[in-house]
Amino acid sequence: MKKKEQGQDTRELSVVEWIESGFTFGNLGNYPQAIADFNRAIEPKSKDAMAYYFRGRVHANLGNYEQAIKDFARAIKLNSHYAAAYNNRGFAYYGLGNS
C-alpha cells in the first residue's frame, strides 16, 4: 500500500484508512484529494465496495456522472445488496438526463 506523509513521518495506510481520508477530504470539498485517496484504496485491486461507492459520490458531486455510474456499478458488483450504490447510480443516470 502506498504511504501518506504525516508531518515528517510516513507510514503505510490500510484500505480503510485511505477510504476514511478520502471521505474526510470529500466532506471538506477537496474533491481532487478525495479522488486520489479513493484511488489509493482501490489500487491493490480492492474488493471493498465502499471505496468505489465513495469515489462515485465524489465524481457525481463534480458532475462526472459517467464515471460515477461506473464506480457505483463496480460497488454493486462487489456487493449486490449495497442499496446506497443503487440509489446513487440512479441519481447519476438522472444527472445525465436518463431518468
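Summary of the structure given here. (Residues numbered from 1 in each chain as written. Predicted model: local features only at pLDDT ≥ 70, side-chain atom pairs only at ≥ 80, totals over all residues. Heavy atoms only, no water.)

## Notes on the overall build of the protein chain
So, point 1. Along the protein chain, the regular secondary structure elements total five helices and two strands.
So, point 2. For the protein chain, the α and β elements follow one another from N to C terminus as β-β-α-α-α-α-α.
So, point 3. In the protein chain, which comprises 99 residues, the share counted as buried stands at 33%.
So, point 4. Summarising the internal contacts of the protein chain: among those between residues at least 6 apart in sequence, 35% fall at separations of at least 24.
So, point 5. Surface exposure of the protein chain reaches about 6100 Å², of which carbon and sulfur atoms provide 49%. (Helix = DSSP H or I, 4+ residues; strand = E, 2+ residues; numbered from the N terminus. Buried < 20%, exposed > 50% of the residue type's maximum accessible area, 1.4 Å probe, protein only. Contact = heavy atoms within 4.5 Å. Areas by Shrake-Rupley, 256 points an atom, 1.4 Å probe, with all protein chains shown as cover.)

## Focus on the nonpolar core
So, point 1. The biggest cluster of nonpolar side chains holds 22 residues, and the ones touching the most others in it are Ile19, Phe38, Tyr53, Ala75, Tyr82 and Ala85.
So, point 2. Contributing elements (two or more residues each) for this core: α1 (15–27), α2 (31–42), α3 (49–61), α4 (65–78) and α5 (83–96).
So, point 3. Examining the composition of this core, we find that six residues originate from one element, α3, more than from any other.
So, point 4. Not counting the four nearest positions on each side in its chain, Ile19 is found in contact with Phe38, Ala41, Asp48, Met50, Ala51 and Phe54. (Core = buried A, V, L, I, M, F, W, Y, C linked by side-chain atoms within 4.5 Å.)

## Quick word on the packing of aromatic side chains
So, point 1. Going through the model one piece at a time under the given rule, you end up with five aromatic pairs.
So, point 2. Aromatic pair Tyr53 and Phe54: ring centres 5.1 Å apart, planes at 65°, arrangement edge-to-face.
So, point 3. The class for Tyr53 is buried, based on a relative accessible area of 6%.
So, point 4. Ring centres of Tyr53 and Phe72 lie 5.8 Å apart, and the angle between their planes is 50°; this geometry places the pair in the tilted category. Of the two residues, Tyr53 sits in helix α3 while Phe72 sits in helix α4, which places them 19 residues apart along the sequence. The two residues Tyr53 and Phe72 agree in class, both being buried. (Phe/Tyr/Trp six-rings, centres within 6.5 Å; stacked < 30°, edge-to-face > 60°.)

## Brief notes about the environment of Ile76
So, point 1. Mapping Ile76 onto the fold places it in helix α4.
So, point 2. For the pair Ile76 and Met50, spaced 26 residues apart in the sequence, the C-alpha separation amounts to 9.8 Å.
So, point 3. If sequence neighbours within four positions are ignored, Ile76 has contacts with Ala85, Tyr86 and Arg89.

## What about the environment of Gly26?
So, point 1. Summarising the element assignment, Gly26 is placed in helix α1.
So, point 2. Residue Gly26 is classed as buried on the basis of its relative accessible area of 15%.
So, point 3. With 11 residues separating them along the chain, Gly26 and Asp37 place their C-alpha atoms 9.8 Å apart.
So, point 4. Apart from residues lying up to four places away in sequence, Gly26 is in contact with Tyr31 and Ala34.

## Describing the packing of α2 against α3
For any two helices packed against each other, the geometry is given by the interaxial angle and the distance between the axes.
So, point 1. Where α2 contacts α3, the two axes come as close as 9 Å, and the packing angle between them is 155°. One way to sum up the angle between α2 and α3 is to call them roughly antiparallel. The handedness of the crossing between α2 and α3 is left-handed. Residue-level inspection shows Tyr31, Ala34, Ile35, Phe38, Asn39, Ala41 and Ile42 of α2 in contact with α3, the latter providing Ala51, Tyr52, Phe54, Arg55, Val58, His59 and Asn61. (Axes fitted to C-alpha atoms, helices over the stretch in contact; angles between N-to-C directions. Parallel < 35°, antiparallel > 145°, perpendicular 65-115°, else oblique. Left-handed = near helix turned anticlockwise from the far one by under 90°.)

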